[in-house]
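# Topology and contacts: notes
Here is how the chains run, residue by residue.
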Amino acid sequence: MHHDELIGKVQSLAHLPDRDRAERAAHAVVSTLSERLPAGLVRHVAAQLLPDMAAAMREAADASGADAGTAGEKFGLTAFAGRVAVRTGTDEDAALREAAAVLEVLDAALAPELTERMADALPSDIRELLPVGRAAESAGQEPG
């Protein structure tokens, strides 16, 4: 997936007014993810991303001082939304909508097993933003 295609999909899914806003959202989400995920997993995800997205992920991971064996910071959905909101200059509700859109686009761009590893590394409240997390939650709510 090319950069323009990825940003266009984020803009469309999140109903954002322009590409700059979509790009800010994408960078904010991958940066925040890199703070939450284990450092080794961040490197694997970054290796499959476009160069600018990978750079944003690596920069945030480097800023956190994580090394290969380090687990990510422990924070939940509220802190995740707050960090994305600060990075995008929006409120937390908008940040969550934008994060879900970015994660949906990333899901399509990453190898399925990598998305599964990300889901496994995230707490359940953040995992629900991932398409795989939403699917699992929906499946659990279907009448049996």
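Residues numbered from 1 in each chain as written. Predicted model: local features only at pLDDT ≥ 70, side-chain atom pairs only at ≥ 80, totals over all residues. Heavy atoms only, no water.

With that settled, consider the packing of helix α1 (residues 3–14) against helix α6 (residues 92–109). Running from N to C, α1 and α6 point in directions that differ by 140°, and their axes come no closer than 9 Å. Of the possible angle classes, the one that applies to α1 and α6 is oblique. Note that α1 runs across α6; the crossing there is right-handed. Two secondary-structure elements touch here, α1 through L6, K9, V10, L13 and A14 and α6 through E98, A101, V102, E104 and V105. Classifying every residue of the contact of α1 with α6 by side-chain character gives seven nonpolar, no polar and three charged. (Axes fitted to C-alpha atoms, helices over the stretch in contact; angles between N-to-C directions. Helix = DSSP H or I, 4+ residues; strand = E, 2+ residues; numbered from the N terminus. Parallel < 35°, antiparallel > 145°, perpendicular 65-115°, else oblique. Left-handed = near helix turned anticlockwise from the far one by under 90°. Contact = heavy atoms within 4.5 Å. Nonpolar A, V, L, I, M, F, W, Y, C, P; charged D, E, K, R; others polar.)

In this model, the protein chain carries an average pLDDT of 86, and 85% of its residues clear a pLDDT of 70 or more. When mean pLDDT is compared element by element in the protein chain, helix α5 (residues 77–88) scores highest at 97, while helix α9 (residues 131–141) scores lowest at 55. (pLDDT = per-residue confidence, 0-100.)

Glancing now at the environment of G82. Positionally, G82 belongs in helix α5. Using a relative accessible area of 16% as the deciding quantity, one classes G82 as buried. Between the C-alpha atoms of G82 and E92, which are ten residues apart in sequence, the distance is 5.8 Å. (Buried < 20%, exposed > 50% of the residue type's maximum accessible area, 1.4 Å probe, protein only.)

Once that is clear, we can look at the side chain of T90. Along the chain, the position of T90 falls in the loop between α5 and α6. A polar atom in the side chain of T90 sits 2.8 Å from the side chain of T88. For T90, the residues in contact, after removing those within four places along its chain, are R21, A85, A95 and E98. (Polar contact = N/O pair within 3.5 Å; in protein donor to acceptor, adjacent residues only side chain to side chain.)

Let us now look at helix α2 (residues 19–36). Taking 1.5 Å of rise per residue, 18 residues should cover 26 Å, and α2 covers 26 Å from first to last C-alpha, within 8% of that figure. N-capping of α2 is provided by D18, with a side-chain oxygen placed 3.2 Å from the backbone N of D20. (Expected span 1.5 Å × (residues − 1).)

Once that is clear, we can look at helix α7 (residues 112–121). An α-helix turns once per 3.6 residues; consequently, residues spaced three or four apart project the same way. Among all positions of α7, only L114, T115, M118 and A119 are buried. Down the axis of α7, the buried set is contained in an arc of 145°. They therefore lie on one face. Summarising the geometry of α7, the exposed residues directed more than 90 degrees from the buried face are E113 and D120. (Arc of directions from axis to C-beta.)

Before going further, it helps to spend a moment on the nonpolar core. L33, L49, M57 and F80 are the most contacted members of the largest nonpolar core, which has 45 residues in total. Put simply, the parts of the chain that give this core at least two residues each are α1, α2, α3 (39–47), α4 (51–63), α5, α6 and α7. In terms of residue count, α6 provides more of this core than any other element does, eight residues in total. Apart from residues no more than four positions distant in its own chain, F80 is found in contact with V29, T32, L33, F75, A99, I126 and L129. (Core = buried A, V, L, I, M, F, W, Y, C linked by side-chain atoms within 4.5 Å.)

Trans peptide bonds make up the majority, and among non-glycine residues the majority have a negative phi. Even without being a glycine, H15 presents a positive backbone phi close to 55°. Mapped onto the secondary structure, H15 falls in the loop between α1 and α2. The exposure class assigned to H15 is exposed, which follows from its relative accessible area of 69%.

A few words now on the pattern of salt bridges. Within the structure shown, the criterion is met by six salt bridges. When the shortest N-O distance is used, the salt bridge between R87 and E35 registers 2.4 Å. Linking R87 in helix α5 with E35 in helix α2, this pair joins segments that are 52 residues apart in sequence. Owing to a relative accessible area of 11%, E35 belongs among the buried residues under this scheme. Salt bridges linked by common partners bring E35, E73, R83 and R87 together as one network. (Salt bridge = Lys/Arg side-chain N within 4 Å of Asp/Glu carboxyl O.)

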